[in-house]
Amino acid sequence: MSIDHPEDAASEQTAAPQAPTLEMVAHEAGVSRATVSRVVNGSTAVTPQVTAVVNAAIEKLSYVPNRAARSLASRRTNVIALIVPEQTSTVFSDPFFAAVIQGVAVYLNDTDYTLNLLIASESSSDKTRRYLLGGNVDGALVVSHHSGDHSYTRLGQKLPIVFGGRPLTPELDDSYFVDVDNVAAARAATEHLIARGRTRIATVAGPQDMPPGVDRLRGWREALDAAGLATDLVEIGGFSPTSGADAMGRLLERDPSIDAVFFANDQMAAGAYPVLRERGLSIPQDIAVAGFDDDPLGTALSPTLTTVHQPSSELGAGMAAALVRLIAKEEIERQTIMPTSLVIRESSGA
């Protein structure tokens, strides 16, 4: 004799249906569990016909692979870290970073990888290093690194890493990176100012512990040296509007006869505009201006800014593509150089 308990019946009625399992897919497809596993993991050892049958069973049952279990089995996390060694205020105020992050994210949308953004400073380098080496990520992208970012020194020997920009640190000479030819691009921008008849050309360079700061200053010097012009008017900025304004003020104090300035990025050029106006100087009649990055700010300025266009979003996508291949242990080039172009607008004159 059995006794039915109403609460048991109610419990049975409300119990959640069982989620489809690998075994259920195998039964539906009429193949082994191992064959289903190989199809789910993208193995090429299964014939196209069997793969089609298994995929049809997966779709019919709405089977979703247990990625946590797969990660444990493959020792993969399917997570990529994007590290920006800058202050938070800098990351969220400079359009360059937004474009790079967008490029990375868009590329990874078509992969199984999730993106983790880490805004890290040298003061938290140990914490960042522990996180990267703690089995939390499959690889890392590093953007805007400085020569003092010691947390990434030799880290590439233990973890797949791709840098945005060539490293300055000697220990990282064998690293993988995606960049533009900053030297050639800065040289082209300076040559454009020379071709406009400017002879007293200054520059506001970027920080000299960062590859773009060093390389763009070198390009400016090469152009002036080739033209037989002086290369003494140099001030160092911090890639921010405020630093551009301060540097411009220092340059004019040193030499009021300056007739052109090449800025290592558009943000610094924008910061200099009010300073030039306060000194009674007209752009480009009295002083021609050129920048670097081609961020949206350039077209909002008046007069609009002549600048070097670098494909920031494509650079981010290129970094992500290189890292995904590196994680998959594919052979890739250590250096990927993307093209730039000079965008001529009103600030450099006719």
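Data block above holds the structure.
Counting starts from 1 at the beginning of each chain's written sequence and moves along it residue by residue. Given that this is a predicted model, residues contribute local features only at a pLDDT of at least 70 and side-chain atom pairs are listed and counted only at 80 or more, while totals for whole chains, interfaces and linings are drawn from all residues. To get the side-chain values, take all heavy atoms of the structure and skip hydrogens and water.

Engineer: Before we go on, may I ask you to explain unusual backbone geometry in this structure?
Structural biologist: Negative phi values dominate among residues other than glycine, just as trans dominates among peptide bonds. Here Ile-283 and Pro-284 are connected by a cis peptide whose omega angle stands at 5 degrees. Residue placement: Pro-284 occurs in the loop between helix 12 (266-278) and strand 9 (288-293). Residues Ser-302 and Pro-303 are joined by a peptide bond in cis, for which omega reads 0 degrees. For the purposes of this entry, the term helix denotes a DSSP run of H or I that reaches at least four residues, the term strand denotes a run of E that reaches at least two, and both are numbered from the N terminus. Inspection of the secondary structure puts Pro-303 in the loop between helix 13 (297-300) and strand 10 (306-309). Backbone geometry places Phe-239, a non-glycine residue, at a positive phi of 65 degrees. With respect to the element layout, Phe-239 can be found in the loop between strand 7 (234-236) and helix 11 (241-254). With a 1.4 Å probe rolled over the protein chains alone, any residue whose accessible area is under 20% of its type maximum counts as buried; one over 50% counts as exposed, and the rest are partly exposed. Residue Phe-239 is classed as buried on the basis of its relative accessible area, which comes to 15%. Unlike most non-glycine residues, Lys-329 shows phi in positive territory, near 65 degrees.

Engineer: Quick question: what am I supposed to make of the sheet that holds strand 11 (residues 335-338) here?
Structural biologist: Remark on secondary structure: sheet strands pair via backbone hydrogen bonds, oriented parallel or antiparallel. With respect to topology, six strands assemble into an open sheet ordered 2-1-3-4-5-11, the strand pairing being parallel. Lying at the two open borders of the sheet, with one neighbouring strand each, are strand 2 (114-119) and strand 11. With strand direction ignored, the average angle separating the axes of adjacent strands in the sheet is 20 degrees. Only when DSSP finds a minimum of two bridges between them are two strands counted as paired. Bridge count between strand 3 (residues 139-143) and strand 4 (residues 161-164): four bridges; the pairing is parallel. Each residue of the ladder has a partner; that of Leu-141, found in strand 4, is Val-162. Angles shown run from 0 to 180 degrees and are taken between the N-to-C directions of axes, each axis being a line fitted to C-alpha atoms and, for helices, limited to the stretch in contact.

Engineer: How should the sheet that holds strand 9 be read in this particular structure?
Structural biologist: The sheet built from six strands is open, its strands ordered 7-6-8-9-10-12 with mixed pairing. The open sheet terminates on both sides in strands that have one partner only, identified here as strand 7 and strand 12 (341-343). Each neighbouring strand pair of the sheet contributes to a mean axis angle of 20 degrees, computed without reference to strand direction. Pairing analysis gives three bridges linking strand 10 to strand 12, with the strands arranged antiparallel. Bridging from a neighbouring strand, Thr-307 pairs with Val-343 of strand 12. Of the strands in this sheet, strand 6 (201-205), strand 8 (260-263), strand 9, strand 10 and strand 12 touch helix 9 (residues 182-195), which is tilted by about 165 degrees from strand 8. Contact criterion: two residues are considered in contact whenever any of their non-hydrogen atoms come within 4.5 Å of each other.

Engineer: Looking at this model, I keep getting lost on the packing of aromatic side chains. Mind explaining?
Structural biologist: The description of an aromatic ring pair uses the distance of the two centres, along with the angle that the planes make with each other. Here a Phe, Tyr or Trp ring, Trp counted by its six-membered ring, pairs with any other such ring whose centre lies within 6.5 Å, and the pair is stacked when the planes are under 30 degrees apart, edge-to-face when over 60, and tilted otherwise. Counted by the stated rule, this structure contains one aromatic pair. Judged by centre distance (5.5 Å) and plane angle (70 degrees), the rings of Phe-96 and Phe-97 are edge-to-face. Accessibility expressed as a relative area gives 17% for Phe-96, which makes it buried. Lying across the ring of Phe-292, Arg-216 places its NZ or CZ 3.6 Å from the centre. Above the face of the Tyr-176 ring, Arg-334 is positioned so that its terminal group lies 4.4 Å from the ring centre. Sitting over a ring, as applied to charges here, requires NZ of Lys or CZ of Arg to be within 6 Å of the ring centre and within 35 degrees of the ring normal.

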